[in-house]
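# Working through the structure, step by step
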Amino acid sequence: MAAEYDLKPAFVKMNAQVTQAIRDRLEWIGVDWISDEDKPEDGKEIRLLDYAAGTGVVSRALGPYVTHTLGVDISPGMVNKFNEHARKAGLDPSRIHAIEGDLCSDPPTVSFTEMPSTNFDIAVVCAGFHHFNDTELATKRLAERLKPGGVLLIMDFLTPSGEDGKVPDEVKHMVKVFGFDEPTMRRLFEGAGLVDFDLWIMPEKVVLEREKDGEMMRREITVFFAKGRKPAA
Ligand SMILES: C[S@@+](CC[C@H](N)C(=O)[O-])C[C@H]1O[C@@H](n2cnc3c(N)ncnc32)[C@H](O)[C@@H]1O
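What counts as what
- Residues numbered from 1 in each chain as written.
- Predicted model: local features only at pLDDT ≥ 70, side-chain atom pairs only at ≥ 80, totals over all residues.
- Heavy atoms only, no water.
- Near = heavy atom within 4 Å.
- Polar contact = N/O pair within 3.5 Å; in protein donor to acceptor, adjacent residues only side chain to side chain.
- Areas by Shrake-Rupley, 256 points an atom, 1.4 Å probe, with all protein chains shown as cover.
- Nonpolar A, V, L, I, M, F, W, Y, C, P; charged D, E, K, R; others polar.
- Phe/Tyr/Trp six-rings, centres within 6.5 Å; stacked < 30°, edge-to-face > 60°.
- Helix = DSSP H or I, 4+ residues; strand = E, 2+ residues; numbered from the N terminus.
- Buried < 20%, exposed > 50% of the residue type's maximum accessible area, 1.4 Å probe, protein only.
- Lys NZ or Arg CZ within 6 Å of the ring centre and 35° of its normal.
- Pairing = 2+ DSSP bridges.

The name that an unreviewed UniProt entry assigns to the protein chain is Methyltransferase domain-containing protein, with the source organism given as Coniosporium apollinis.

What follows is the structure in structure tokens.
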């Protein structure tokens, strides 16, 4: 999907909604973001891990507020698109770069990067968790990559009400979990040793479109942002 991810109208709309939601909630996320008062000579660094980064929607949303971004994605096509965007924007690979990797596999695989791949101020997984076979392992692996006091932020969709949470057959090849609820997310965060859990539901729904037998299927979903913090050392 890498080639069309930034072009399909439904994705464009969703990506804009997500970007706005993230930027509106910087304070709630609770990272000591880079601001206008910070001067480059002060040497302050804020490091973002954009996991399951795709083409870099979250990295672009948070770009003005961090100094370094490492994107990781299992798909080489997505990684190429991510890096293509960053280089087109004139950004240096020492500041923002994506690599292929899967932290959810056993053992985890992450291709070599000159950028440090631990001690992040924030790790974000946006619309990625429902693809993971083992969300418990994924949460733990992401928490391990945070520095003490660092924040894990997950955006995904709530299990649609009135449905049993079973993944529909037609999306089984890519969707492993058909949404989440607040107790599940809290359990995942707390199980990974994270504290200060909170979950916010985006009031505006997101519309997903998928072609099936030549017909466009639309589904409205409710998305949430869940956050937790690695305890300070
Ligand atoms: C729906 S896209 C979301 C991309 C991006 N985060 C965004 O918000 O636009 C899901 C991404 O998860 C990636 N992905 C799926 N399973 C993964 C895994 N185990 N490890 C890393 N990335 C994974 C896919 O390759 C895809 O780029």
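The environment of the ligand is made up of 17 residues, and the closest members are Tyr5, Tyr51, Ala52, Asp73 and Cys126. In this structure, Asp73 approaches the ligand through a side-chain N or O atom, which is 2.6 Å from an oxygen atom. One of the backbone nitrogen or oxygen atoms of Ile74 is found 3.2 Å away from a nitrogen atom of the ligand. Here the ligand loses 88% of its free accessible area of 600 Å² to cover by the protein chains. Of the residues in the shell around the ligand, the class split is eleven nonpolar, four polar and two charged.

With that settled, consider the packing of aromatic side chains. The full count for this structure, using the stated rule, is eight aromatic pairs. Measuring from ring centre to ring centre gives 5.9 Å for Trp200 and Phe225, while their planes differ by 35°; the resulting arrangement is tilted. With a gap of 25 residues between them, Trp200 in strand β7 (residues 195–201) and Phe225 in strand β10 (residues 223–229) connect regions that are remote in the sequence. When its relative accessible area of 3% is taken as the criterion, Phe225 is described as buried. Every member of this aromatic cluster is reached through a ring pair, and the members are Tyr51, Phe129, Phe132, Phe180 and Phe224. Across from the ring centre of Trp28, 4.7 Å away, lies the NZ or CZ of Arg25, which sits over that ring. It is Lys227 that lies over the ring of Trp28; its NZ or CZ is 4.8 Å from the centre.

With that out of the way, let us pick up the environment of Glu163. Within the secondary structure layout, Glu163 lies in the loop between β6 (146–157) and α6 (182–191). Spatially, the C-alpha atoms of Glu163 and Ala98 are 36 Å apart, while their sequence positions differ by 65 residues.

In spatial order, the strands read β4-β3-β2-β1-β5-β6-β10-β7; together these eight strands make up an open sheet with mixed pairing. Edge positions in the sheet fall to β4 (109–110) and β7, since each of these pairs with one other strand and no more. Bridge count for β7 against β10 is five bridges, and the pairing is antiparallel. Counterpart to Leu199 in the pairing with β10 is Ala226.

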